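# A look at the structure
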2 protein chains.
Amino acid sequence: MIYNDDSAIGKRLRRLSHIIDYDARRLYKEHGIHFEQRWFGVINELMSNGPMSVKELSVSLKITHVSVSETRKSLEIKNYIQSTPDKDDARRRLLSITDEGQLFIKTISPIWGALEEVSKELNEETNNVVQGLDKLDAALTKTSLYERALMKIR
Amino acid sequence: MIYNDDSAIGKRLRRLSHIIDYDARRLYKEHGIHFEQRWFGVINELMSNGPMSVKELSVSLKITHVSVSETRKSLEIKNYIQSTPDKDDARRRLLSITDEGQLFIKTISPIWGALEEVSKELNEETNNVVQGLDKLDAALTKTSLYERALMKIR
DNA sequence: TGACAATATGTAGGCACCTACACATATTGT
DNA sequence: ACAATATGTGTAGGTGCCTACATATTGTCA
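Residues numbered from 1 in each chain as written. Chains lettered and ligands numbered in written order. Predicted model: local features only at pLDDT ≥ 70, side-chain atom pairs only at ≥ 80, totals over all residues. Heavy atoms only, no water.

## Description of the environment of Thr143 of chain A
Topologically, Thr143 of chain A is positioned in the loop between helix H6 (129–142) and helix H7 (145–153). Residue contacts for Thr143 of chain A: discarding those within four places in its chain leaves Arg148 and Met151 of chain A. (Helix = DSSP H or I, 4+ residues; strand = E, 2+ residues; numbered from the N terminus. Contact = heavy atoms within 4.5 Å.)

Have a look at this one:
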């Protein structure tokens, strides 16, 4: 008996995300730029929406507040963003891009532009794999893999 | 300017693989079984092909020998597999499943069976997302994301 | 209004993978 | 035959995400 279970999907997802992350990192590196993939979402959101809290970012990026918090820290150390306590709610910190961050964005925008084109190209070459991934996301949101498996076992 | 580059693909891949890994882990856990996702490939290969070396496993699983080596160690600690030096080549270690490993496989096979069904179900609900992922893999193998991006920049 | 629940953020530790490097053993070419 | 090279495996450390837990602040309602 040879199994070919969801790890067939999970495995592919893992492999591809690592390949893409690695190649993107290499691209920045070869251009003499230190850029961490996880920065992208936060920078992009702040760029388009202005100041946002950790929680807000975690919702729109669909990752945990913990990840956002860690990313915030690394971006703040680099001085690309800053965080100020919200006066109306002392629990929240409002993150925003610094002037240095703006400069950094200018530096990397040619790379972002290139990657965006590549993204489109790849999606075309794969018969819209993005749509398939979104369907997978929706399917799992509706009924989780855990629930689905439980039903099969019983 | 709002970018929506390959991180749009990379991000989705990362998110989905984490969701799937987490849910699968939860499934084992709730059945009182400690199972690590990374074990699946190695166990499955050894099950269907008999003893294999670290290198051979890394090739057929399309992961690095380092990952296989780490997985080997954890499976060996659990006493689910054993490794013996190859007499014809002292550099190689041949990995094989132990009797205890066989028993363990019996324990988890209902779960593997369920997950396999779920996998098929999900692939149907997503218009064959697996095919899309394989196309993405092939596209990136032919011309890497790095190369593609370089061409766009110049 | 004051205890209890909800919310926002942070820290510690885990997971599955990776590269860079180190080491031992085999293979090759002159 | 033996130095140079290739191959198999292992360790150290990194990446981006996660859960579980801790802490501080805010909101709620008897």
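Having seen it, we continue.
## Some words on the sheet that holds strand S3 (residues 89–97) of chain A
All names here are of chain A. Across the sheet, which stays open at both edges, the 3 strands sit in the order S1-S3-S2 with antiparallel pairing between neighbours. Both edges of this open sheet fall to strand S1 (52–53) and strand S2 (81–86), since each of them pairs with a single strand only. Bridge analysis of S1 against S3 gives 2 bridges, and the strand direction is antiparallel. Among the inter-strand pairings, Met52 is bridged to a residue of S3, identified as Leu95. Here helix H2 (residues 39–49) sits on the sheet in contact with S1, S2 and S3, set at roughly 90 degrees to S3. (Pairing = 2+ DSSP bridges. Axes fitted to C-alpha atoms, helices over the stretch in contact; angles between N-to-C directions.)

## Points about the packing of aromatic side chains
Evaluated as defined, the whole model comprises 16 aromatic pairs over all chains. With 6.2 Å between their ring centres and 75 degrees between their planes, Trp39 of chain B and Phe104 of chain B make a pair best called edge-to-face. With Trp39 of chain B in helix H2 (residues 39–49) and Phe104 of chain B in helix H5 (residues 99–125), this residue pair connects regions lying 65 residues apart in the sequence. Trp39 of chain B gets classed as buried once you look at its relative accessible area, which sits at 0%. Among the aromatic residues, those joined into a ring-pair cluster are Tyr28, Phe35, Trp39, Phe40, Tyr80, Phe104 and Trp112 of chain A. Taking NZ or CZ as reference, Arg26 of chain A lies 3.7 Å from the ring centre of Tyr146 of chain B, over its face. (Phe/Tyr/Trp six-rings, centres within 6.5 Å; stacked < 30°, edge-to-face > 60°. Buried < 20%, exposed > 50% of the residue type's maximum accessible area, 1.4 Å probe, protein only. Lys NZ or Arg CZ within 6 Å of the ring centre and 35° of its normal.)

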